[in-house]
Amino acid sequence: GQVHFCTCPFFLPLIKLCIITIHNFFDMDVKLEKWHKCQVDKEVLKELSKKSDLKGLQHVSVFFGLLLVTGILAYQTWGTWWSVFWFLVYGNIYSFSNPLWHETGHKTAFQSKFLNELFYYISSYMANFEPTRWRYTHFVHHGNTYSTENPFDHEIEYGNDLKETPKRLIINIIPFLDLVFFKKHISFEIIQHALGIKTKVMQDSIPENAQAKAIFISRIYVAIWLSIILWSILVSSWMPLLYFVLPQFYGKTLHKLVAFTQHAGLARNIKDHRVTSREMYLNPILSFLYWKMEYHLTHHMFPTVPSYNLDKLHHHIKDQLPKPNDGLIDAYKEIIPALMKQKEDTSYFIKKELPEPQNI
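Only a predicted model underlies this, so the values are computations on that prediction, with no experimental measurement involved. (Residues numbered from 1 in each chain as written. Predicted model: local features only at pLDDT ≥ 70, side-chain atom pairs only at ≥ 80, totals over all residues. Heavy atoms only, no water.)

S.K.: Which residues make up the overall build of the protein, and what values go with them?
M.R.: A count of helices and strands for the protein gives 20 helices and 2 strands. Buried residues in the protein amount to 50% of all 360 residues. Long-range pairs, those at least 24 residues apart, make up 69% of the contacts in the protein between residues at least 6 apart in sequence. Summing over all exposed atoms, the protein offers an accessible surface of approximately 18,500 Å²; the carbon and sulfur share of this is 64%. (Helix = DSSP H or I, 4+ residues; strand = E, 2+ residues; numbered from the N terminus. Buried < 20%, exposed > 50% of the residue type's maximum accessible area, 1.4 Å probe, protein only. Contact = heavy atoms within 4.5 Å. Areas by Shrake-Rupley, 256 points an atom, 1.4 Å probe, with all protein chains shown as cover.)

Below, the structure is given as structure tokens:
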């Protein structure tokens, strides 16, 4: 007999899932028309939005090539101070797996879905990010940048307690210091999820039907960590841990200093990326490692544009943006005083000069 689509039991769960997804999409407030959008020619934007497997593979090949070379040098000089130096270099490069996670999470590193997913999971492990959790929280982050309200932005580098920001910055940049404050580290969240504890970030951001997956992958992460710890014990060497578990603890300084600039000291709860996100220029080496996320304002405004085209897009809209910071030192010249002021007055933020009246 004829089966009606809407009454078939097979399709009912699918319809329900679609309704929930659509509801969450609009509830998370990611509709672009609610945000200020710079004017750019449609054909230019279309061209710059094209993805490339070749460019993505070139980038990851150089990145993992640098890890291989510095890792070998650390091994060959083991037992000398040179090994300490090369492990620091290795660790600081390794920590830039975070931008790789970010680019593949946006599915803009490659044209291929398979390559984006493959490197998303690889870089998620390297960055100590459980991939399910961070896929959903990043969705919220883009739709509600630096939101202290509901939905809460769980991805801000330094949290929403402005009085604690200077302390968090220090913890973030000094090697191994976050082991002293381990409960504030993202690895502790993974351990909680692995134990079946539903944290606030899980309850706020991850749909109920995806929470089991987050818990399952967290358990895989903990199993990998325990296996590497056991490996180190069996071979009586720190090497396995230094290569595969600890880089995010000892080699985090450079990446944290760069990533911290994204939103630090800027406005909160405002639908204008020009005042909530920072644009700056970096040298070619840092720009490569960071996947050009120094054009962070441009990225937030046009998140579907691949990182390797962000500088070109910036060129087209820069007259509509606040003046970019000229490097890390210039950025921190405004960030540090702002953090000191925010510690005393949480309503304070850096007011970026816009090329048109600022409605705040």
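So that's the structure; there's more coming.
S.K.: Any details on the pattern of salt bridges? Residues and values, ideally.
M.R.: For side chains of opposite charge, pairing can occur when their charged atoms come near one another. Counting across every chain of the model gives 11 salt bridges. The salt bridge involving E117 is made with R135; its shortest N-O contact spans 3.1 Å. Taken together, the residues span a long stretch of sequence, with E117 in helix 6 (residues 113-126) and R135 in helix 7 (residues 131-143) at a distance of 18 residues. Look at E117 and you get partly exposed, because its relative accessible area is 26%. Given a relative accessible area of 29%, R135 falls into the partly exposed group. Two residues, K252 and D178, come together in a salt bridge whose shortest N-O distance is 2.8 Å. Within this pair, whereas K252 is found in the loop between helix 14 (247-250) and helix 15 (253-259), its partner D178 is found in helix 9 (residues 177-180), the two being separated by 74 residues in sequence. As far as the burial class goes, K252 and D178 line up, both buried. Because the salt bridges share partners, they merge into one network encompassing K107, E117 and R135. (Salt bridge = Lys/Arg side-chain N within 4 Å of Asp/Glu carboxyl O.)

S.K.: Tell me about the side chain of E279, and please be specific about residues and values.
M.R.: Looking at the element boundaries, E279 is found in the loop between helix 16 (273-276) and strand 1 (280-281). Among buried Asp, Glu, Lys and Arg side chains, E279 stands out as unpaired, with R278 the closest opposite charge at 9.7 Å. A polar contact is formed between the side chain of E279 and the backbone nitrogen of H296, at a distance of 3.4 Å. Residues in contact with E279, not counting those within four places in the same chain, are E294, Y295, H296, L297, T298, H314, L321, P324 and N325. (Lys, Arg positive; Asp, Glu negative; His and termini not counted. Polar contact = N/O pair within 3.5 Å; in protein donor to acceptor, adjacent residues only side chain to side chain.)

S.K.: Can you break down the packing of aromatic side chains residue by residue, with the values?
M.R.: Summed over all chains, the structure comprises 23 aromatic pairs. Seen in terms of ring centroids, Y243 and F244 are 6.0 Å apart; in terms of plane orientation they differ by 45 degrees. Their pairing is tilted. Plain terms: the ring middles of Y281 and Y295 are 6.2 Å apart, the flat faces sit at 65 degrees to each other, and that makes the pair edge-to-face. Pair noted here: Y281 is in strand 1 and Y295 is in the loop between helix 17 (284-289) and helix 18 (296-301), with a separation of 14 residues, a long-range link. On the basis of relative accessibility, which here comes to 29%, the residue Y281 falls in the partly exposed class. Residue class for Y295 comes out buried when judged on its relative accessible area of 11%. Of the aromatic side chains, those joined through ring pairs into one cluster are W78, F87, Y90, Y94, F176, W231, Y243, F244 and Y250. The aromatic ring of F152 is capped on one face by K200, whose charged end is 5.9 Å from the ring centroid. (Phe/Tyr/Trp six-rings, centres within 6.5 Å; stacked < 30°, edge-to-face > 60°. Lys NZ or Arg CZ within 6 Å of the ring centre and 35° of its normal.)

S.K.: Can you explain the environment of A109? Please cite residues and give values.
M.R.: The topology assignment puts A109 in the loop between helix 5 (97-105) and helix 6. Taking the relative accessible area as the measure of exposure, A109 reaches 0% and is therefore buried. Taking the C-alpha atoms as reference points, A109 and V60, 49 residues apart in sequence, are found 9.3 Å from one another. For A109, the residues in contact, after removing those within four places along its chain, are S52, G56, E103, T104, N116, W291 and Y308.

S.K.: Can you lay out the environment of R278 for me, pointing to particular residues and giving the numbers?
M.R.: Among the structural elements, R278 can be located in the loop between helix 16 and strand 1. Along the backbone, R278 and L297 are 19 residues apart, and their C-alpha atoms lie at a distance of 5.6 Å. Reaching out from R278, the side chain makes a polar contact with the backbone oxygen of T261 at a distance of 2.5 Å. Separated by 2.9 Å, the side chain of R278 and the backbone oxygen of A264 make a polar contact.

S.K.: Go over helix 12 (residues 208-235) with me, naming the residues and quoting the values.
M.R.: The end-to-end C-alpha separation of helix 12 is 42 Å, in line with the 40 Å expected for 28 residues at 1.5 Å each. Taken residue by residue, helix 12 has A210, Q211, A214, I215, I217, S218, Y221, V222, W225, I228 and S232 as its buried positions. A positive backbone phi angle near 50 degrees is found at S236, which sits one or two residues after helix 12. (Expected span 1.5 Å × (residues − 1).)

S.K.: So what about the side chain of Q262? Which residues, and what values?
M.R.: In this fold, Q262 is placed in the loop between helix 15 and helix 16. A polar atom in the side chain of Q262 sits 3.4 Å from the side chain of H296. Beyond its immediate sequence surroundings of up to four residues, Q262 is in contact with T276, S277, R278, Y290 and H296.

S.K.: Can you break down a nonpolar patch on the surface residue by residue, with the values?
M.R.: A cluster of nonpolar side chains, namely L226, I229, L230, W231, I233, L234, V235 and F244, defines an oily patch on the protein surface of about 800 Å² accessible area. By residue number, the principal contributor to the nonpolar patch is helix 12, which donates 7 residues. As for its placement among the helices and strands, L234 is situated in helix 12. (Patch = residues over 30% accessible without salt bridge, like charges linked within 9 Å, V, L, I, M, F, W, Y side chains within 5 Å.)

S.K.: Now, about the packing of helix 10 (residues 186-194) against helix 12: what can you tell me, with residues and values included?
M.R.: Running from amino to carboxyl end, helix 10 crosses helix 12 at an angle of 115 degrees, the nearest separation of the two axes being 8 Å. When you trace helix 10 past helix 12, the crossing you get is left-handed. Along the contact surface, helix 10 presents S187, I190, I191, H193 and A194, while helix 12 presents I215, S218, R219, Y221, V222 and W225. In terms of residue class, the contact of helix 10 with helix 12 is built from 7 nonpolar, 3 polar and 1 charged. (Axes fitted to C-alpha atoms, helices over the stretch in contact; angles between N-to-C directions. Left-handed = near helix turned anticlockwise from the far one by under 90°. Nonpolar A, V, L, I, M, F, W, Y, C, P; charged D, E, K, R; others polar.)

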